[in-house]
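A structural walkthrough
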Amino acid sequence: TRIAAAVAAVALALGAGGALATGFQLNEQSASSLGNAFAGGAAFTDDASAMWWNPAALSQFKRGQAIGALHVVTPEIKFRNDGSQPALYQPLGGDGGDAGNANFIPNAYVSVPINPQWSFGLGINAPFGLTTHYGEGWIGRFQALKSSILTVNVNPALSWQVSKDFAIGAGVSYEYLRATLTQNVNYSAAMAGVATGFAQAGQIPATLVPQIVAATPGLESKATVKGDDGGWGWNIGIAWDVTPQFRLGAGYRSEVDLKVSGDQSFENAFLALQPGTSPTVAAVAAQVAAYTNTKLLYNRSVTSDITLPQIANLSMLYRIGPRWEVMADVQWTGWSSIPKLQFDPTDGSAP
């Protein structure tokens, strides 16, 4: 029976592709609920991992319990070109291959009954993250190469059994986020912009601008942003046994405000000029490149205000008999808390 249950859980888990639909949000927070595709998340009480969706579930465990899991998520992420246009002064590039990577998502939970009415729980997990990595020279290299985001959430919680049919729970959480984001930068376009600015200011003849552009096509830099921060949030939940067979559960997790601080660094392109470039154009191009490296694409400290979204669950569980249950779940995530991802330099320069 246990082998059959394990095989069924694996089969259902492989079919639960919707869990990756949002990419950045990780539903893989429980091995037991993975087997039923996370249905009834705020109502199920199979083990202590239920506290992630609903801290009131802790009241169901009359003995101490510890449980842990390691999930391996390997998404396939491929780009299909349909009429893309090349960036200014650059070749179009390839499709980037498969950007999916093996991602390891651990979690652990402990529940400790204090007395018949009160229970304590502690959960440690990774609610957001994953890594994508596109190949060098792909079409979208000026948007992203490698994007790696890791979060760790530590969540103590208490539940109170108000009556034999009704329980409430609440907890606080500290969430740490670390991000590494890389992309190429169109160095040729940056040089063209600087040369145009020089010409408008009268520092170089305007006739040299197209010659500099013609002498410096296809040059790219690489930008890397690394940053981290931690912030506090809270969660609440209720569990109501409407009948011995029918349970309703609801859970809510608050937003977590982060001010991610870190560094932006540039690996600027070597100034390789086209053959036959005149000494005058080469000299001015070197002057433009020096300005680009020191005033535009230079290492600096950056910050970004990021609000991890709030999450709400409403769930039901109905026992048909000793072997069958019907479960349903509606989950809402407040993605409007992240309208864009922008890193602002601390020295006041442009984002």
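For the structure itself, look to the data block above.
Residues numbered from 1 in each chain as written. Predicted model: local features only at pLDDT ≥ 70, side-chain atom pairs only at ≥ 80, totals over all residues. Heavy atoms only, no water.

Nonpolar side chains in soluble globular proteins generally cluster together in the buried interior. Counting residues in hydrophobic clusters, the biggest one holds 23 residues, and the most contacted among them are Y187, M191, I204, I212 and V288. The element that contributes the greatest number of residues to this core is helix α3 (residues 187–200), accounting for seven residues. Aside from chain neighbours lying at most four places away, what touches I204 is A195, F198, A199, V209, I212 and V284. (Core = buried A, V, L, I, M, F, W, Y, C linked by side-chain atoms within 4.5 Å. Buried < 20%, exposed > 50% of the residue type's maximum accessible area, 1.4 Å probe, protein only. Helix = DSSP H or I, 4+ residues; strand = E, 2+ residues; numbered from the N terminus. Contact = heavy atoms within 4.5 Å.)

Next up on the list: the packing of α3 against helix α5 (residues 279–296). Their axes nearest at 9 Å, the elements α3 and α5 cross at an angle of 105°. Judged on the interaxial angle alone, α5 and α3 are roughly perpendicular. Where α3 abuts α5, its residues Y187, A190, M191, V194, A195 and F198 lie against A285, Q287, V288, A289, Y291, T292, N293 and L296. Tallied by class, the residues present in the contact of α3 with α5 amount to eleven nonpolar, three polar and no charged. (Axes fitted to C-alpha atoms, helices over the stretch in contact; angles between N-to-C directions. Parallel < 35°, antiparallel > 145°, perpendicular 65-115°, else oblique. Nonpolar A, V, L, I, M, F, W, Y, C, P; charged D, E, K, R; others polar.)

Here α5 contains 18 residues, and its C-alpha end-to-end distance of 25 Å stays within 8% of the 26 Å for a straight helix at 1.5 Å per residue. Restricting attention to buried positions, one finds in α5 the residues V281, V284, A285, V288, A289 and T292. Around the axis of α5, the buried residues are gathered within 145° of arc, so they sit on the same side. Opposite the buried face of α5, at more than 90 degrees from it, the exposed residues are P279, T280 and K295. Turning to α5, the residues buried within the fold contact α3 and α4 (208–215). (Expected span 1.5 Å × (residues − 1). Arc of directions from axis to C-beta.)

Attention now moves to the pattern of salt bridges. Per the counting criterion, the structure on display carries six salt bridges. In this structure, the salt-bridge partner of E76 is K78, at a minimum N-O distance of 3.8 Å. On the basis of relative accessibility, which here comes to 58%, the residue K78 falls in the exposed class. Salt-bridge contacts for K259 lead to D305; the nearest nitrogen and oxygen are separated by 3.2 Å. Placement of K259 in strand β9 (residues 256–267) and of D305 in strand β10 (residues 300–308) is noted, with a sequence separation of 46 residues between them. The exposure class of K259 is partly exposed, given its relative accessible area of 44%. The class of D305 is exposed, set by a relative accessible area of 57%. (Salt bridge = Lys/Arg side-chain N within 4 Å of Asp/Glu carboxyl O.)

Everything listed here is a matter of geometry and, on its own, says nothing about what the molecule does.
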